[in-house]
Amino acid sequence: MQYDTVIMNGRWFDGTGAPSARRNIGVRDGRVATVTPEPIEGTEVIDAAGQWVIPGIIDIHTHYDVEILCEPELSESLRHGVTTVMLGSCSLSTVYLDNVDAGDIFGRVEAIPRRHVIEHLDAARSWANPAEYVAALEGRNLGPNVAAFMGHSDMRAATMGLDRATRGDVRPSAAELARMESMLNDALDEGFLGMSSQQLLFDKLDGEICRSRTLPSTYARPRELRRLNAILRRRNKILQSGPDIKNPLSVVSQLATSLGFGRPRLKTSLLSAADIKAIPPVIHLMDRLARVVNTLGGDFRWQHLPVPFEVYADGISLVVFEEFGAGAAALHLQGEIERNRLMRDEDYRRWFREDYDKRFGPRVWHRDFFDAEIVACPDASVVGKSFGQVGLDRGGLHPVDAFLDLVVEHGERLRWRTTISNHRPEVLRKLARSDTVQMGFSDAGAHLRNMAFYNSGLRLLRHVHEAEKRGAPFISVERAVHRLTGELGSWYGIDAGTLREGDRADIVVIDPAKLDGSLDRYAEHPVQSYGGLSRMVNRNDDTVSAVLVGGRFAFGKGEAAPALGNEKFGRFLRAGQPSRSLTPVA
């Protein structure tokens with residue numbers, strides 16, 4: 001029997017965690033037609049001898065909501081084996097939201113240039129409701145498959161107007177709340193995964209009218225949240241959210257939301273399980289709390305980036321500065337002249353030093369300028385040094401003053417990096433085994449100058465493979481593949497994540513010999529649709545030999561198929577149509 005494509009001689013992983021085996025895979029009409037040890041023939045043949053053949057990786061947390069409108073091939077994820085991405089994270093989506101309001105929300109929160117957000121929505125907008133939005137996505141030349149959350153901030157701002165939606169003394173009227181409920185139901189009718197919300201208070205708006213206010217969803221009171229969550233409970237859909245980390249009660253409340261107690265439980269995916277340098281013990285508490293909730297009947301998961309969370313910054317342009325007053329005050333100012341005037345002011349510097357020197361309380365950034373390496377600067381004498389060391393070299397300056405001096409002098413030509421979390425390999429190994437976390441949170445498509453985790457799934461596989469080669473495995477490769485694929489497809493209820501007869505032929509061929517140091521390297525590549533903005537990317541072209549979406553070769557060895565971007569590969573995946581339950585193998 002002739003197949004469209006045959007993948008020969010590879011080590012096949014089916015995505016369930018079951019034992020892998022050497023198999024030949026035959027693809028026909030976009031589906032896996034056979035998995036067999038016997039020889040088979042195909043029009044196109046990929047020889048995968050010595051390589052792994054796995055289901056396409058699922059990325060559960062992206063901010064591709066704008067990029068998918070102008071560069072729908074999403075090649076930076078696809079080239080690393082990601083064949084399904086989820087939109088609408090952190091309460092942000094573009095289903096109902098006014099285009100300018102979308103620019104205000106995405107511009108600063110996700111560091112996507114505001115003018116380009118507005119420009120591409122102006123050019124692309126052909127929808128006014130979820131059904132038309134899904135049709136618009138389906139009409140694009142998608143690279144990977146797409147699933148989506150309905151953003152709470154999207155619905156709230158579209159219903160109340162961005163100004164009213166971001167005022168603490170304004171509540172939605174009964175009619176406005178009913179409209180949000182209708183919006184959410186309409187999205188779920190179209191196969192959206194659920195709703196994303198956000199309570200984190202250091203995500204700030206761009207623009208003029210509402211600048212530096214927090215996201216619309218952070219102004220929602222318990223009654224509004226209960227009404228929207230009740231829809232998710234009734235329909236067995238998912239709440240994706242993030243707590244206010246400065247308020248422990250917010251974290252506990254979000255965990256407890258998953259519980260039923262006389263009502264349907266609420267499937268909840270929360271940001272984020274991270275081994276934060278600033279508060280090392282917290283990761284162990286997070287895992288224990290999640291286990292308690294699930295033992296009591298909840299269905300709760302933390303999202304987790306399974307690699308060190310290394311961030312880069314140009315000058316002071318980094319979201320972690322939003323979490324304390326002095327940093328947020330600088331980012332509030334749009335003009336470089338105004339910002340530099342502020343950063344020269346001694347009263348401001350005293351304020352910044354006081355914030356920096358506070359060593360207690362919840363936070364994301366460790367606020368240690370000795371743990372921050374300068375990687376580029378017109379003053380070559382400081383490259384390779386920390387800001388703390390620069391301060392010592394300049395006569396014992398406080399690290400804050402050394403940092404601010406360099407920012408004032410060089411602006412965004414000063415580039416530096418630090419690792420804020422996930423720095424301990426032994427903790428990453430523990431999290432990889434934990435059933436309270438999901439492997440995700442890449443933030444792909446956002447913070448384009450700050451980080452690049454497009455290949456984080458490959459980096460998890462490397463970690464597992466290297467441990468296995470050392471004779472000290474912490475999970476099997478089969479289990480690691482399951483965590484990146486079938487586990488996620490099953491929990492989110494989408495037709496993705498497994499590689500068995502009848503499944504979608506979303507397939508990745510990986511050379512395990514190339515799961516090496518190349519995965520840690522960063523490069524830069526322009527985003528043409530964002531005016532040539534240089535984006536941080538990953539480049540490990542020898543690692544992924546082939547990526548198939550819907551049975552069609554889309555990428556391999558760093559080269560895109562000629563049709564990618566010109567023809568449609570992926571499709572919109574509707575939650576529940578279908579999903580198959582999986583029993584993972586330990």
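Residues numbered from 1 in each chain as written. Predicted model: local features only at pLDDT ≥ 70, side-chain atom pairs only at ≥ 80, totals over all residues. Heavy atoms only, no water.

**Let's talk about the overall build of the protein chain**
Step number 1: Within the protein chain, the secondary structure is distributed over 20 helices and 23 strands.
Step number 2: Relative to its length of 586 residues, the protein chain is compact, with a C-alpha radius of gyration of 24 Å against a globular reference of 25 Å.
Step number 3: Expressed as a percentage of the 586 residues in the protein chain, the buried residues total 63%.
Step number 4: Relative to all contacts within the protein chain whose residues are 6 or more apart in sequence, the contacts with residues 24 or more apart total 76%.
Step number 5: Summed over its atoms, the accessible surface of the protein chain is roughly 21,100 Å², and 50% of this surface lies on carbon and sulfur atoms.
Step number 6: Averaging the locations of the 73 positively and 77 negatively charged side chains of the protein chain gives two centres separated by 5 Å. (Helix = DSSP H or I, 4+ residues; strand = E, 2+ residues; numbered from the N terminus. Rg over C-alpha atoms; globule rule 2.2 N^0.38 Å. Buried < 20%, exposed > 50% of the residue type's maximum accessible area, 1.4 Å probe, protein only. Contact = heavy atoms within 4.5 Å. Areas by Shrake-Rupley, 256 points an atom, 1.4 Å probe, with all protein chains shown as cover. Lys, Arg positive; Asp, Glu negative; His and termini not counted. Charge placed at Lys NZ, Arg CZ, Asp CG, Glu CD.)

**Digging into the sheet that holds strand E11 (residues 238-241)**
Step number 1: The strand order E9-E10-E11-E12-E13-E17 describes an open sheet built from 6 strands, whose pairing is parallel. The sheet is open, and its two borders are formed by strand E9 (150-151) and strand E17 (437-439), each paired with just one other strand.
Step number 2: Judged from the 3 bridges that link them, strand E13 (residues 299-304) and E17 form a sheet pairing that is parallel. By the bridge assignment, tryptophan 302 is partnered in E17 with valine 437. (Pairing = 2+ DSSP bridges.)

**Examining the nonpolar core**
Step number 1: Counting 102 residues, the largest nonpolar core has Ile54, Leu87, Met155, Leu184, Phe192, Trp302 and Leu461 as its most contacted members.
Step number 2: Apart from the residues lying within four places of it in its own chain, the contact partners of leucine 184 are Met150, Met155, Gly194, Met195, Leu228, Ile231 and Leu232.
Step number 3: Listed in part, the 43 residues of the second largest apolar core include Ile316, Phe369, Leu406 and Val408. (Core = buried A, V, L, I, M, F, W, Y, C linked by side-chain atoms within 4.5 Å.)

**Considering the packing of aromatic side chains**
Step number 1: One pass over the structure, following the stated rule, counts 28 aromatic pairs.
Step number 2: Geometrically, the ring pair formed by phenylalanine 324 and phenylalanine 352 is edge-to-face, given 5.3 Å between the ring centres and 75° between the ring planes. Here phenylalanine 352 lies in helix H14 (residues 346-357) and phenylalanine 324 lies in the loop between strand E14 (309-314) and helix H12 (325-332), a separation of 28 residues in the sequence. Comparing phenylalanine 324 with phenylalanine 352 shows no difference in burial state: the two are buried.
Step number 3: Relative to tryptophan 416, the ring of phenylalanine 387 lies with its centre 5.5 Å away and its plane at 85°, an arrangement referred to as edge-to-face. Remark: tryptophan 416 occurs in strand E16 (residues 415-421) and phenylalanine 387 occurs in helix H15 (residues 387-393); sequence separation between them is 29 residues. The pair phenylalanine 387 / tryptophan 416 is uniform in exposure class, with both members buried. (Phe/Tyr/Trp six-rings, centres within 6.5 Å; stacked < 30°, edge-to-face > 60°.)

**Here's the deal with a nonpolar patch on the surface**
Step number 1: Side chains of Phe261, Val292 and Leu296 sit close together on the surface and give an oily, nonpolar patch of about 330 Å² of accessible area.
Step number 2: Assignment of secondary structure puts valine 292 in helix H11 (residues 282-295). (Patch = residues over 30% accessible without salt bridge, like charges linked within 9 Å, V, L, I, M, F, W, Y side chains within 5 Å. Salt bridge = Lys/Arg side-chain N within 4 Å of Asp/Glu carboxyl O.)

**A few points about unusual backbone geometry**
Step number 1: Along the chain, leucine 271 connects to serine 272 via a cis peptide bond; the corresponding omega equals -20°.
Step number 2: The phi angle at serine 212 is positive, at roughly 75°, despite the residue not being glycine.
Step number 3: Along the chain, serine 212 turns up in the loop between strand E10 (194-196) and helix H9 (222-235).
Step number 4: The exposure class assigned to serine 212 is partly exposed, which follows from its relative accessible area of 23%.

**With respect to the domain arrangement of the protein chain**
Step number 1: Taken as a whole, the protein chain is organised into domain 1 (1-87 + 445-585) and domain 2 (317-416).
Step number 2: Here the C-alpha centre of domain 2 lies 39 Å away from the C-alpha centre of domain 1.
Step number 3: Counting from both sides, the interface comprises 5 residues of domain 1 and, opposite them, 4 residues of domain 2.
Step number 4: Here domain 1 and domain 2 share an interface that buries about 310 Å² over both sides, 39% of which is from carbon and sulfur atoms.
Step number 5: The tally of links from domain 1 across to domain 2 stands at 1 salt bridge.
Step number 6: A salt bridge links glutamate 524 to arginine 415, with the nearest nitrogen and oxygen atoms 3.9 Å apart.
Step number 7: Between domain 1 and domain 2 we count 2 residue pairs in polar contact (both at pLDDT 80 or more) in total. (Domains from an automatic or database assignment. Buried area = accessible area lost by both parts, 1.4 Å probe. Polar contact = N/O pair within 3.5 Å; in protein donor to acceptor, adjacent residues only side chain to side chain.)

**A few points about the side chain of serine 545**
Step number 1: Among the secondary structure elements, serine 545 is positioned in strand E21 (residues 544-549).
Step number 2: Looking at serine 545, its side chain comes within polar contact range of the side chain of glutamine 51, at 2.4 Å.
Step number 3: Other than its neighbours up to four places away in sequence, serine 545 contacts Gln51, Val509, Asp511, Phe553, Phe555, Gly556 and Lys557.

**Digging into helix H8 (residues 174-189)**
Step number 1: The end-to-end C-alpha distance of H8, which contains 16 residues, comes to 23 Å, matching closely the 22 Å that a straight helix rising 1.5 Å per residue would cover.
Step number 2: Contact partners of the buried residues in H8: helix H5 (130-138), E9, helix H6 (152-160), helix H7 (162-165), E10 and H9.
Step number 3: Two residues or fewer past H8, glycine 191 is found with a positive phi of approximately 95°. (Expected span 1.5 Å × (residues − 1).)

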